[in-house]
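# Commentary on secondary and tertiary structure
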Amino acid sequence: MEIKLCDNNAEWDNWFKKQGQNEFLQSWDWGAFQANTGKPVIRLQAVEGGEIVWQGQCLEHRLGLGVKYAYLPRVSDCGSVISDQLSVFLKKNNFAFIRIESVEKWSLITGHRSLVKNRQPRATLILDLTQTEDALLQSMHSKTRYNISLAERKGVVAREKKNINVFWKLNEATIARDKFKSHNKNYYAKMLETEMCRQLTAYFNGQPIAAILLIIFGDACVYLHGASSNEERNLMAPYLLQWRGIQLAKQLGCKYYDFWGIAPASKVGEPSTCFHNLCWEVGHRWTGVTRFKAGFGGIVRFYPEAVDIVLQPMHYRLYKFVRYTLSFRP
């Protein structure tokens, strides 16, 4: 068994496609985009008998004072043997720990490990695009279908064209209105430069009133970011944009439409908020967006809790102490 670095674009993406894996966070283009925003990328392959048996894309996070960790988002389980080899390789390269957010439960790992909060959403809605458009519409909540129709009747039109200035202006309005954190303008500009990113914008009387960014990889389309104006909100443009995004994904041959993040399911015995066969925690900060996405239908998919594999215990304890201290800063 050998852990080696990969520098072959086609080999990297083709391996995932042969495995039927469509997690865009592991794609070559997403790694190149992250590197372009200042995060070093390490593409690792486990090779045995000349065959690639596993691969994973790490983002290098530097914590200062020479301490760094490797972040592996949405990676497939590699088994305990490869996991141990991966730990040895990264420890030799001076990584303090490995943070893994896997697509399935990670195999048992020897050594020190710690469960941590996920950076990526742990729950999402997946829409099956192999259905006909009529079937997809019928599976939606009646209010969602009505809002799509309303936007069409009122003259809202959706166009596919990349324009960072249009998206950013709408994003600024959304940030101010909904009080959520956002990447900076340069981050979105570099994302739009990638081939895997598509932008759909809704217009009314020639003015942009909403926009979404979609990511295409393998046979999946992911609704990653959305923004909307404070004006003409009664026209329900975001509903039409999602429908146009679904239609575009079908045209591109995608089998799945991932709504990318919903509120977690409520625990047994605890109060729930429910809509269109989906229930989640009462009062969760994602309640509004979850209700919006639930109206389109789809099947819930859950991801395991993130885990840190500790390679340098002293550095890891220092990292945890600093994080704990900062969390209580006034």
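These notes cover the structure that comes with them. Because the structure is predicted, anything quoted here is derived from the model rather than measured.

The rules behind the values
- Residues numbered from 1 in each chain as written.
- Predicted model: local features only at pLDDT ≥ 70, side-chain atom pairs only at ≥ 80, totals over all residues.
- Heavy atoms only, no water.
- Helix = DSSP H or I, 4+ residues; strand = E, 2+ residues; numbered from the N terminus.
- Expected span 1.5 Å × (residues − 1).
- Buried < 20%, exposed > 50% of the residue type's maximum accessible area, 1.4 Å probe, protein only.
- Arc of directions from axis to C-beta.
- Contact = heavy atoms within 4.5 Å.
- Axes fitted to C-alpha atoms, helices over the stretch in contact; angles between N-to-C directions.
- Left-handed = near helix turned anticlockwise from the far one by under 90°.
- Nonpolar A, V, L, I, M, F, W, Y, C, P; charged D, E, K, R; others polar.
- Patch = residues over 30% accessible without salt bridge, like charges linked within 9 Å, V, L, I, M, F, W, Y side chains within 5 Å.
- Areas by Shrake-Rupley, 256 points an atom, 1.4 Å probe, with all protein chains shown as cover.
- Salt bridge = Lys/Arg side-chain N within 4 Å of Asp/Glu carboxyl O.
- Pairing = 2+ DSSP bridges.
- Phe/Tyr/Trp six-rings, centres within 6.5 Å; stacked < 30°, edge-to-face > 60°.
- Lys NZ or Arg CZ within 6 Å of the ring centre and 35° of its normal.

## A short note on helix α3 (residues 79–92)
- The terminal C-alpha atoms of α3 lie 20 Å apart, and with 14 residues this matches the ideal 20 Å at 1.5 Å per residue to within 8%.
- Of the positions making up α3, those classed as buried are I82, S83, L86, S87 and L90. For α3, the angular spread of the buried residues around the axis is 145°, confining them to a single face. Every exposed residue of α3 that faces more than 90 degrees away from the buried side is listed here: V81 and K92.
- The elements touched by buried residues of α3 are β1 (2–5), β2 (41–48), β3 (51–64), β4 (67–75), β5 (97–102) and β16 (306–310).
- One or two residues past the end of α3 sits N94, with phi positive at roughly 70°.

## Regarding the packing of helix α2 (residues 28–36) against helix α7 (residues 185–192)
- The interhelical angle for the contact between α2 and α7, taken along N-to-C directions, is 145°, at an axis separation of 10 Å. The way α2 lies across α7 gives a crossing that is right-handed. Along the contact surface, α2 presents W30, F33, Q34 and N36, while α7 presents Y187, K190 and M191.
- For the contact of α2 with α7, a count of residues per class yields 4 nonpolar, 2 polar and 1 charged.

## Some words on a nonpolar patch on the surface
- A surface patch of nonpolar side chains, about 240 Å² in accessible area, is lined by M1, V53 and V81.
- With respect to the helices, strands and loops of the structure, V53 is situated in strand β3.

## Some remarks on the sheet that holds strand β6 (residues 113–116)
- Ordered by their spatial adjacency, 7 strands build an open sheet running β1-β2-β3-β4-β5-β16-β6, and the pairing between neighbours is mixed. Two strands close off the open sheet at either side, each with one partner strand: β1 and β6. Each adjacent strand pair in this sheet contributes to an overall mean axis angle of 30°, direction not counted.
- Across 4 bridges, the pairing between β5 and β16 is antiparallel.

## Thoughts on the packing of aromatic side chains
- By the definition in use, this model includes 19 aromatic pairs.
- Ring centres of F24 and W30 lie 4.9 Å apart, and the angle between their planes is 85°; on these two criteria the pair is classed as edge-to-face. Neither residue differs from the other here; F24 and W30 are each classed as buried.
- Arranged with centres 5.0 Å apart and planes meeting at 65°, the rings of F33 and Y187 form a pair that is edge-to-face. On the criterion of sequence distance, the pair formed by F33 in helix α2 and Y187 in helix α7 is long-range, its members being 154 residues apart.
- Residue class for Y187 comes out buried when judged on its relative accessible area of 11%.
- Members of the aromatic cluster, joined through ring pairs, are F24, W30, F33, F167, W168, Y187, Y188 and W260.
- In this structure, K68 packs its charged tip against the face of F95, placed 4.4 Å from the ring centre.

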